[in-house]
Protein chains: 2
Amino acid sequence: MGEKMGNLRRTIMCGELRPEHDGKEVVLMGWVQRERNLGSIIFMDLRDTTGIAQIVFDNTVSSEVFNKAEKIRSEFVLAIKGKVRIRQSINKEIPTGEVEVLVDELKILDESETTPIYIKDDDNVSESMRLKYRYLDLRKPSMQERLKLRAKTAKVVRDFLDENSFIEIETPMLTKPTPEGARDYLVPSRVNPGEFYALPQSPQLMKQLLMVAGMDRYFQIVKCFRDEDLRANRQPEFTQIDIEMSFVDIEDIISINEQLLYRLFKELKGVEIDLPIKRITYNEAMERYGVDKPDLRFGFELKDISDLVKNCGFKVFSGAIENNGAVRGINVKGYGDKFTRKDITALEDYAKTYGAKGLAWIKITEEGVTSPIAKFFSEEEFTNIIERMEGEKGDLILFVADKKSIVFDSLGNLRNEVAKRLNIIDPNDMKLVWVTEFPLFEFDEEENRYVAKHHPFTHPMEEDIELLESHPEKVRAKAYDIVINGDEMGGGSIRINNSTLQKKMFSALGFTEEEAWDKFGFLLEAFKYGTPPHGGIAYGFDRLIMLLSNTSNIRDVVAFPKTQSATCLMTNAPTVVSHKQLQEVHIQTTKNQNI
Amino acid sequence: MGEKMGNLRRTIMCGELRPEHDGKEVVLMGWVQRERNLGSIIFMDLRDTTGIAQIVFDNTVSSEVFNKAEKIRSEFVLAIKGKVRIRQSINKEIPTGEVEVLVDELKILDESETTPIYIKDDDNVSESMRLKYRYLDLRKPSMQERLKLRAKTAKVVRDFLDENSFIEIETPMLTKPTPEGARDYLVPSRVNPGEFYALPQSPQLMKQLLMVAGMDRYFQIVKCFRDEDLRANRQPEFTQIDIEMSFVDIEDIISINEQLLYRLFKELKGVEIDLPIKRITYNEAMERYGVDKPDLRFGFELKDISDLVKNCGFKVFSGAIENNGAVRGINVKGYGDKFTRKDITALEDYAKTYGAKGLAWIKITEEGVTSPIAKFFSEEEFTNIIERMEGEKGDLILFVADKKSIVFDSLGNLRNEVAKRLNIIDPNDMKLVWVTEFPLFEFDEEENRYVAKHHPFTHPMEEDIELLESHPEKVRAKAYDIVINGDEMGGGSIRINNSTLQKKMFSALGFTEEEAWDKFGFLLEAFKYGTPPHGGIAYGFDRLIMLLSNTSNIRDVVAFPKTQSATCLMTNAPTVVSHKQLQEVHIQTTKNQNI
């Protein structure tokens, strides 16, 4: 039914009750976490967003209140008034465990049916049930803490950027579709029949235009959209901390972002990270870790043995090098005894998912060296390989021979996988690294041309500009990623602010001038009127919160997330809509139609 | 061409230069506002986001730098190094007017073609040019100040709400289409063919679900979307300060919002508003001002003379009352001599745009009373009317006779118009008022049924609940608007948290239970599991910034706004997209097709 609060007003939050309140009259409001009826006395745990308080109904104090309390079940919403007293049996598990409130006034503000999921952190219910009943799932303290951490992180970011003269500026959500349009969410226009907006994949062009506009330092915590096949940790809409500055080069951007990161880890994790943050070039990252987002919390670095095996009798190795490939290995130092042959086969299967054809290995134990490939090598070759890999007793050495991209990809990921299986990673260890000097281009096999690795406005490194036409593959970009514990948390670049260089860039990408204007006309037009040197960075805000709250599930840091098939199980969005609605925006669906 | 900054780094902003910097070497970067070449000396105004600094090139100091400077035109981007010195002729118009910088190092970071619009506030260029070259328009100091004010306002709001335990929580942009769907922007789904998301018109349901989830105090500064015919001061996407609280009634919400408003006006306008803010019921607002968002900066209140004229000989008046209408007037006290007959005819034309059939009037001057309607009344009737209207020498009294809604609408708007024409409104005068006790329903002529004036979850006033079935038109809502200077800045309500009452509400709206579940199923399902009393408010953020920055053009407070036909003149969004893109999201356009 639901009683009214009337004149009752909350005087304190459940989680704030302490022995110092002994004897004080308080009003609490919240949900019943559980109730135990002992016959003439009823104990209840009352929950609000700050925690749990024990409240007591005593038949000898007021039978009227007691009788009403007997009807109360879990998740009823109550307002109670009563006196705080010290508990007889103290509960040291919760901060309010030394006190309880003896109720003398009770209002049942709302009743509750039995909830389809339990309101507790370790309920083991399926994620689809959690998403369907998200409003119940969000009652769990862990979920509320994550949303609070998310809000607090945004606050710290905004405070820091505000102190440093950055202006938060809102850019449009209804934007122009991008030229290729892959990944764009389209929005039909009612007023302009047959025309479409796109939801922004990022405010990249807008923030550059704000620099042209002289806004000097811009930021925004902003929703972005990508309509793509959703991997485990993606959402169709995600949040970005977007930053852009004028009159800067790489060092200026890195420097202010290091201060931002310092502040974030200090205020949210209580961790003081070392400044300056370590840096590694893209090439070094690939050579040593096989990936461009290395996890530096453990060793097992890649080593190249190509020169040692190029003429060896083992065709798998020498053949790979003949085909312009490479042979590299990692030494799982000191953990050899953790891997049985069966485990190694499992690792091989894992490596194969990244394209490796197999996994060669050497294990060094007290008893000597075991290796299925030993027989293919001369003793000198084998000794040289072990020496190069710094092999010692207790080690397991793993090799992949293939074309370079597969060697890097499979060994780089295998390196992470091995550390994960060994369970040697401390989740509270924070290892930050800037990855710099990314290639400006990458070759798109499908389109058979170079495409911009970041975007076509990324500035090449000065010393590589002369290579733009002759050796585009060698040109490095003024681009940088901040990688934390093997995850790319953010990335950015210095942008081109010079039309001659921009033209060279488009030509390297294979665009005619006309095509370039077709695609980016309004930006090129803007660049005619005095563009400052500028650059910026964007952080994945959801990923940052995942890191700060130690979860690997992006849906744990989003209030109302979508599933991997981009649906909302709570509201059932997306849904079919009426023909009339479609007609009003001048479209029809092609579902079940031959087109 | 564009030189590089090299090792030059900005040491101070242009607008910060003061006499205390005399003799100091500084590096400035910015745009050339204007240049004056006096032959052997060149003066330039260099502009950045903080202001203007005068820089000087002297041929006798460095002819190399001087020669380079001779090529510089307006809006070139420069980096200069030089010594600050006191000017010979001081410019008191600008804060940096006492000093200048004698340049000894110059880098032309980028050149500029002649800009299509001038970079100055009073350029008189058409708004469409301003929107097309928005990045140039935004170089104007007034535009930058507005965007800074907008950012600062958001910061003050966030700081205040954070201090008061509100958690900022992001709600989805890709939501479920609303049942009727009018005004929804639809977004086709790639993954779910034939299905659509909608962009949120407001996070109303989500914020209520966050209260069900026990988040206690929520807020968000959030983009909302309405696809409707755009009036002058609307944008298809707009920003809302959205707030919701649990365990509260009207007074609690009004109280914390008054503190928020106090803080806003104090920090952003330097004005201390009086607390508590005046309140007026909806009925009183209509009776006295004819509108539900009264401007209290001037008088001219409506007065009812229906009882005096119901039996009079003037058929226009008595007939209106016979038809269940009314006759009301306003007294433009003391300003009678400002209105000629021609002016009064213009006012009549204005009133007619709100449905009035005519405008009767009485003017009282030194010479006596002038009125085209005097002849229709007995002397006693006429005296009574003037007495009721408190008519004195110098007054102009204006009347409308019609059905009540037209009387209110035309006289209420006429009242505002008269004040505007008299130019008696001080734009710095801030008159805030809460309008309360709104009707819960309004009758929708088109649908021939009652519809919710706010939304179907608005709580009726307790004492009116019994009228829900018998006299829905009499039921008042626990709803409130904050009106500032005649504009509705925000509004909200206490929500229903009781399923019995909710059912009554739906039944009053003419929904069957099935229809109600169809439309709002997930919210009704949520309400089964313990819903706290809750309510909230939403402010129009764009309107608030317009008020704080004294502009009546919403496009002046949005970085990249749309036109009234919902297009972006800078990017040309929306645009046609390729057949392939439409195919991927399973739609086709119906433009130029017979459907």
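The preceding data block contains the structure.
Presented here is an overview of the structure given in this document. Here the residue numbers are simple positions, counted from 1 along each chain's written sequence. Going through the entries in the order they are written, you letter the chains from A and number the ligands from 1. Residues qualify for local features only when their pLDDT is at least 70, as the model is predicted, and side-chain atom pairs are given and counted only at 80 or more; totals for whole chains, interfaces and linings, by contrast, use all residues. Heavy atoms throughout the structure, all of them, feed into the side-chain values; hydrogens and water do not.

Digging into the overall build of chain A
A tally of regular secondary structure across chain A gives 16 helices and 23 strands. Taking the principal axes of the C-alpha coordinates as reference, chain A spans close to 95 × 75 × 55 Å. Each residue is assigned to one of three classes by its accessible area relative to the maximum for its type, calculated with a 1.4 Å probe on protein chains only: buried under 20%, partly exposed between the two thresholds, exposed over 50%. Looking at chain A residue by residue over its 595 residues, the buried ones come to 58%. For chain A, restricting intrachain contacts to residue pairs at least 6 apart in sequence, the fraction spanning at least 24 positions comes to 67%. Of the accessible surface of chain A, which amounts to about 25,000 Å², a share of 45% is contributed by carbon and sulfur atoms. When charges are counted, Lys and Arg contribute as positive and Asp and Glu as negative, whereas His and the chain ends are disregarded. Every charge is mapped to an atom, namely NZ of Lys, CZ of Arg, CG of Asp or CD of Glu. Positive and negative charge centroids in chain A, built from 81 and 97 side chains respectively, lie 4 Å apart. Segments assigned H or I by DSSP are reported as helices when at least four residues long, segments assigned E as strands when at least two residues long, and all are numbered from the N terminus. Contacts between residues were defined by any pair of non-hydrogen atoms, one from each residue, lying within 4.5 Å. For the area figures, the Shrake-Rupley method with a 1.4 Å probe applies, and any residue is considered shielded solely by the protein chains shown.

What about the sheet that holds strand 13 (residues 326-332) of chain B?
All names here are of chain B. A pair of strands is considered paired only if DSSP assigns at least 2 bridges between the two. The 5 strands are arranged 12-13-16-14-15 in an open sheet whose pairing can be described as antiparallel. Looking at the sheet topology across the chains shown, the edges are occupied by strand 12 (302-304) and strand 15 (368-370). The sheet shows a mean angle of 25 degrees between the axes of neighbouring strands, taken without regard to direction. Where strand 12 and strand 13 come together, 3 bridges link them in antiparallel fashion. Only the stretch in contact is used when fitting a helix axis, every axis being a line fitted to C-alpha atoms; angles between N-to-C directions are given from 0 to 180 degrees.

Concerning the packing of aromatic side chains
We call Phe, Tyr and Trp rings a pair once their centres come within 6.5 Å, taking the six-membered ring for Trp, and we label the pair stacked below 30 degrees between planes, edge-to-face above 60, and tilted otherwise. Going through the model one piece at a time under the given rule, you end up with 42 aromatic pairs over all chains. Look at Phe314 of chain B and Phe377 of chain B: their rings are 5.9 Å apart centre to centre, the planes differ by 70 degrees, and that puts the pair in the edge-to-face class. Within this pair, whereas Phe314 of chain B is found in the loop between helix 8 (306-309) and helix 9 (315-322), its partner Phe377 of chain B is found in the loop between strand 15 and helix 11 (379-388), the two being separated by 63 residues in sequence. There is no split in this pair, since Phe314 of chain B and Phe377 of chain B are both buried. Look at Phe377 of chain B and Phe382 of chain B: their rings are 6.2 Å apart centre to centre, the planes differ by 35 degrees, and that puts the pair in the tilted class. What links up through ring pairs into an aromatic cluster is the set Phe314, Phe317, Phe376, Phe377, Phe382 and Phe399 of chain A. Only Lys NZ and Arg CZ are tested; either one counts as a charge over a ring when it is within 6 Å of the ring centre and within 35 degrees of the ring normal. Looking at Lys120 of chain A, its charged tip hangs above the ring of Tyr118 of chain A, at a distance of 5.7 Å from the centre.

Thoughts on the sheet that holds strand 20 (residues 479-484) of chain A
Residues and elements named next belong to chain A. With mixed pairing, the 8 strands of this open sheet are ordered in space as 6-9-10-22-21-20-17-11. Of all the strands in the sheet, just strand 6 (167-168) and strand 11 (279-281) have a single pairing partner and so form its edges. Where strand 6 and strand 9 (residues 217-225) come together, 2 bridges link them in parallel fashion. Across the sheet, the residue bridging to Ile167 is Tyr218, located in strand 9. Lying on the sheet, helix 5 (residues 204-212) is in contact with strand 9, strand 10 (237-246) and strand 22 (534-540); it crosses strand 10 at an angle near 25 degrees.

Section: the relation of the copies chain A and chain B
Overlaid copies result from least-squares superposition on C-alpha atoms, with residues included only where pLDDT is at least 70 in both. For the match of chain A to chain B, the screw axis carries a shift of 0.0 Å, the RMSD comes to 0.1 Å, and the turn is 180 degrees. On this basis, the relationship between the two copies can be described by a two-fold rotation axis. In this assembly the copies share their binding face: 99% of the residues contributing to the interface of chain A also contribute to that of chain B.

Overview of the interface of chain A and chain B
Between chain A and chain B, the residue contacts involve 128 residues of the former and 128 residues of the latter. Two parts placed together each lose some accessible area; with a 1.4 Å probe, that loss summed over both constitutes the buried area. In total, chain A and chain B occlude about 11,000 Å² of area from one another, counting both sides; carbon and sulfur atoms represent 60% of this. Among the residues chain A hides against chain B, the three largest losses belong to Glu170, Phe247 and Tyr529 of chain A. Together they make up 7% of the total. We define a salt bridge as a side-chain nitrogen of Lys or Arg found within 4 Å of a carboxyl oxygen belonging to Asp or Glu. Inspection of the chain A/chain B interface yields 14 salt bridges. For Glu170 of chain A, the salt bridge is made with Arg150 of chain B, and the minimal N-O distance between the two is 2.8 Å. As used in this structure description, the phrase polar contact means that two N or O atoms lie within 3.5 Å; if the pair is within protein, one of them must be able to donate a hydrogen and the other to accept it, and residues adjacent in sequence are counted only when both atoms belong to side chains. At the boundary of chain A and chain B, one finds 55 residue pairs in polar contact (both at pLDDT 80 or more). Of the residues forming the side of chain A that touches chain B, the biggest block, 9 residues, is contributed by helix 4 (residues 141-163) of chain A. As a working rule, the residues Ala, Val, Leu, Ile, Met, Phe, Trp, Tyr, Cys and Pro are called nonpolar, Asp, Glu, Lys and Arg charged, and the rest polar, with Gly in that last group. Taken together, the residues that form the side of chain A that touches chain B break down as 60 nonpolar, 34 polar and 34 charged. Bridge count for strand 23 (residues 587-589) of chain A against strand 23 (residues 587-589) of chain B is 3 bridges, and the pairing is antiparallel. When the sheet's bridge partners are listed, Ile587 of chain A is paired in strand 23 of chain B with Thr589 of chain B.

Points about the side chain of Asn498 of chain B
Residues and elements named next belong to chain B. As for its placement among the helices and strands, Asn498 is situated in the loop between strand 21 (487-494) and helix 13 (499-508). Among the residues examined, Asn498 registers a relative accessible area of 15% and is labelled buried. Polar side-chain contacts of Asn498 include one of 2.9 Å to the backbone nitrogen of Leu501.

Quick word on the side chain of Asp45 of chain A
Residue and element names in this part refer to chain A. Secondary-structure assignment places Asp45 in strand 2 (residues 41-48). What makes Asp45 buried here is its relative accessible area of 11%. In this structure Asp45 touches Trp31, Val32, Gln33, Arg34, Arg36, Ile52, Ala53 and Gln54, once residues within four positions along its chain are discounted.

Considering the packing of helix 4 (residues 141-163) of chain B against helix 6 (residues 250-269) of chain B
Residue and element names in this part refer to chain B. The contact between helix 4 and helix 6 brings their axes to 10 Å, and the two run at 140 degrees. When you trace helix 4 past helix 6, the crossing you get is right-handed. Seen from helix 4, the contacting residues are Leu149, Lys152, Thr153, Val156, Val157, Phe160 and Glu163; seen from helix 6, they are Ile256, Gln259, Leu260, Arg263, Leu264, Glu267 and Leu268. By the definition used in this description, the sense in which the near helix is turned from the far one sets the handedness, with an anticlockwise turn below a right angle giving left-handed and a clockwise turn giving right-handed.

Things to note about the pattern of salt bridges
Pairing is possible between side chains that carry opposite charge, provided their charged atoms lie close to one another. All names here are of chain A. Enumeration according to the criterion identifies 107 salt bridges over all chains in this entry. A salt bridge links Arg47 to Glu75, with the shortest nitrogen-to-oxygen separation between them at 2.9 Å. Of this pair, Arg47 sits in strand 2 while Glu75 sits in the loop between helix 1 (63-69) and strand 4 (77-86); the two residues are 28 residues apart in sequence, bridging distant segments of the chain. Both residues of the pair, Arg47 and Glu75, count as buried. Glu392 serves as the salt-bridge partner of Lys333, at 2.9 Å between the closest nitrogen and oxygen. Of the two residues, Lys333 is situated in the loop between strand 13 (326-332) and helix 10 (341-352) and Glu392 in the loop between helix 11 (379-388) and strand 16 (396-402); the sequence distance between them amounts to 59 residues. On the accessibility criterion, Lys333 (33% relative accessible area) is partly exposed. Sharing partners across several salt bridges, the network here consists of Arg130, Arg134, Asp137, Lys140 and Asp556.

Some details on unusual backbone geometry
At the junction of Leu275 of chain B and Pro276 of chain B, the peptide bond is cis and its omega measures out at -10 degrees in the coordinates. Mapped onto the secondary structure, Pro276 of chain B falls in the loop between helix 6 and strand 11 (279-281). Of note, the amide linkage connecting Ala573 of chain B to Pro574 of chain B takes the cis form, showing an omega dihedral of -5 degrees. Within the secondary structure, Pro574 of chain B sits in the loop between helix 15 (541-548) and helix 16 (579-584). At Asn423 of chain A, a position not held by glycine, the phi torsion is positive, near 55 degrees. In this structure Asn423 of chain A comes out as exposed when scored by relative accessible area, which is 66%. Of note in the backbone geometry, Glu437 of chain A takes a positive phi value of approximately 55 degrees without being a glycine. What makes Glu437 of chain A partly exposed here is its relative accessible area of 26%.

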